[in-house]
Amino acid sequence: MTTDDPAFNSADPLCQMSARELAEAYRQQSVSPVEVVGACLARAEEIDPVFNAFSFIDHARALDAAKASENRWANGAPLSEVDGIPATIKDIVWVKDWQVRYGSSVTSDAPATEDAPSVQLMRNAGVIFLAQTTTPEFGWKAVTDSKAFGITRNPRNKDKTAGGSSGGAAVAAALGAGVFHLGTDGGGSIRIPSAFCGLTGLKPTFTRVPAYPASAFGTVAHIGPMCRNAADAFAMLKSMSGRDRRDWYQGEAVLAPLKLAPVSLKGLRIGYWSTPPAGTLDPEIAAIVDRQLKSLEAEGAIVEPFELPGRNLLDMFHVHWFSGAAARLSPFGAADRARIDPGLVEVADTGAAFDARRLVDAQVERADFGARMDQALADHDFILSPAVTIPAFEAGLEVPLGSGLERWTEWASFSFPINLTQQPAGVLPCGKTHAGLPVALQVIGARGADAHVLSFIAKLEETLDM
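Residues numbered from 1 in each chain as written. Predicted model: local features only at pLDDT ≥ 70, side-chain atom pairs only at ≥ 80, totals over all residues. Heavy atoms only, no water.

## Focus: the packing of helix α10 (residues 313-329) against helix α12 (residues 342-352)
Moving on, step 1. At their nearest, the axes of α10 and α12 sit 7 Å apart, and the two run at 105° to each other. By the criterion of interaxial angle, the relationship of α10 to α12 is roughly perpendicular. The segment α10 lies against α12, with Phe-322, Ser-323, Ala-325, Ala-326 and Leu-329 engaging Leu-344, Val-345, Val-347, Ala-348, Thr-350, Gly-351 and Ala-352.
Moving on, step 2. Split into classes, the residues belonging to the contact of α10 with α12 amount to nine nonpolar, three polar and no charged. (Axes fitted to C-alpha atoms, helices over the stretch in contact; angles between N-to-C directions. Helix = DSSP H or I, 4+ residues; strand = E, 2+ residues; numbered from the N terminus. Parallel < 35°, antiparallel > 145°, perpendicular 65-115°, else oblique. Contact = heavy atoms within 4.5 Å. Nonpolar A, V, L, I, M, F, W, Y, C, P; charged D, E, K, R; others polar.)

And the structure:
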């Protein structure tokens, strides 16, 4: 987050502190977790009427957890370096004793009886859960609005979308209502709202962060951090990563350990992916990203054009995503379906019409595409691209007015291919449009190289001319 953002700078100074700054202040007892959590709760209440970031704010439990954290720091026994760091959780991930409605009015209102693995790991580290953030129903699209919870708006311009499906998390991060923000990403849902709101967000390597219950959207669905900078994202990623045997997909393989290391630009091999598999790249975004890539070349990086090694990627993703939507809505009858977002019902109906052969064909094609991307990232240190083909557009719409596009996937096509291939992909701000809307760069690394991606993003935060 750039320090010239007036919306962020209007927050209480306690809300503007990084995880590292808070840990040091807690250690010195110059600031208390109770003070920080209280300030962040007040900030959440302040911004919510305008931007609609939250479906639930948990004052009582958050303050109780803050008091316990305060005592641990006072006794010199914090659970971890992130003990007492305030966080939000998207309304798709289980938090014990919270109603998790998946952005819908047709789901059960019974409180969750257990934490999801990522939440449990964060709780074990002493992270404090402030609030639940908004999502479109079942996280189905890359903007955030729902019949149940309304429209979530962009903190840079409230007439624009915050992106999605982790739009509430992005607003909370951008406006200082917490430090760590848990998002999910099945087709860009961490990276797109992070890009639209001027944040750093990471879709980790698939299985880096354990998930339970299994998503109906299958192995394109990831869980990851959304923060104001790479250092906070790394600290959050460490706190939510680990083995949990409720996640069968994890298996017993061990991913590379998470450790930040300096990245030198000199001799770095970068593939520049600039042609999306659907939609058209906005010329203003293209010019901003091109300028930043030239600045990396001037620092000694080797930048060469890169094309995705796959065909019919939009259709491939649709088969996976729409089939998942069909499965997700299958328990609901006609009366409930009439209360669900009509766009979601449409894609679910399309997915239900796919036969088994088409689904299996798409899965086989995906495996070939993924293997080719693994090879590409053996030949390059990173692949860079614009994060999104277009800037944020009118809130409450799935596609921009007059664009001729039909579905969100057509403008989110720098995102969903990397869900298919499961590599880590992070975004960071790299400029603004003439209208003042954030533009972001995407950094893609080899599977397992999540720390390397965040290390490079940290280097870019220092290097890019904003």
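## A look at the sheet that holds strand β1 (residues 54-57)
Moving on, step 1. Reading across from one edge, β1-β3-β2-β8-β10-β9-β14-β15-β13-β11-β12 is the order of the 11 strands in this open sheet, with mixed pairing throughout. Two strands close off the open sheet at either side, each with one partner strand: β1 and β12 (302-306). Looking at each pair of strands side by side, their axes are set apart by 30° on average, direction ignored.
Moving on, step 2. Where strand β11 (residues 269-273) and β12 come together, five bridges link them in parallel fashion. When the sheet's bridge partners are listed, Gly-271 is paired in β12 with Glu-304.
Moving on, step 3. Helix α3 (residues 33-51) rests against β1, β2 (86-90) and β3 (128-133) of the sheet, and its axis sits at about 140° to β1. (Pairing = 2+ DSSP bridges.)

## Thoughts on the pattern of salt bridges
Moving on, step 1. Enumeration according to the criterion identifies 26 salt bridges in this entry.
Moving on, step 2. Here Asp-58 and Arg-61 are joined by a salt bridge, their closest N and O atoms 3.2 Å apart.
Moving on, step 3. The exposure class assigned to Asp-58 is buried, which follows from its relative accessible area of 4%.
Moving on, step 4. Residue Arg-61 is classed as partly exposed on the basis of its relative accessible area, which comes to 41%.
Moving on, step 5. Among the charged side chains, a salt-bridge network with shared partners connects Glu-24, Arg-27 and Glu-81. (Salt bridge = Lys/Arg side-chain N within 4 Å of Asp/Glu carboxyl O. Buried < 20%, exposed > 50% of the residue type's maximum accessible area, 1.4 Å probe, protein only.)

## Quick look at helix α9 (residues 283-298)
Moving on, step 1. Along its 16 residues, α9 runs 23 Å from first to last C-alpha, staying within 8% of the 22 Å computed at 1.5 Å per residue.
Moving on, step 2. Within the span of α9, buried status applies to Ile-285, Ala-286, Ile-288, Val-289, Gln-292, Leu-293 and Leu-296. Mapping the buried residues of α9 onto a view down its axis gives an arc of 165°, with all of them on the same face. Residues Pro-283, Lys-294 and Ala-298 are exposed on α9 and point more than 90 degrees away from its buried face.
Moving on, step 3. On its buried face, α9 sits against β11, β12, β13 (382-386), β14 (425-432), β15 (438-444) and α15 (450-463).
Moving on, step 4. Sitting at the head of α9, Asp-282 places a side-chain oxygen 2.9 Å from the backbone nitrogen of Glu-284.
Moving on, step 5. Looking one or two residues beyond α9, the residue adopting positive phi is Gly-300, at roughly 110°. (Expected span 1.5 Å × (residues − 1). Arc of directions from axis to C-beta. Polar contact = N/O pair within 3.5 Å; in protein donor to acceptor, adjacent residues only side chain to side chain.)

## Considering the packing of aromatic side chains
Moving on, step 1. For the structure on display, the rule yields 17 aromatic pairs.
Moving on, step 2. Seen from their ring centres, Phe-56 and Trp-98 are 5.5 Å apart, and the 85° between their planes marks the pair as edge-to-face. Remark: Trp-98 occurs in the loop between β2 and α5 (117-124) and Phe-56 occurs in strand β1; sequence separation between them is 42 residues.
Moving on, step 3. Owing to a relative accessible area of 30%, Phe-56 belongs among the partly exposed residues under this scheme.
Moving on, step 4. By relative accessible area, which is 2% here, Trp-98 ends up buried.
Moving on, step 5. Aromatic side chains Trp-321 and Trp-408 sit 6.1 Å apart centroid to centroid with 80° between the ring planes, which places their arrangement in the edge-to-face category. Separated by 87 residues along the polypeptide, Trp-321 in helix α10 and Trp-408 in the loop between β13 and α14 (416-421) bring together distant segments of the chain.
Moving on, step 6. Here Arg-328 stacks its cationic end above the ring of Tyr-102, 4.9 Å away from the centre of that ring. (Phe/Tyr/Trp six-rings, centres within 6.5 Å; stacked < 30°, edge-to-face > 60°. Lys NZ or Arg CZ within 6 Å of the ring centre and 35° of its normal.)

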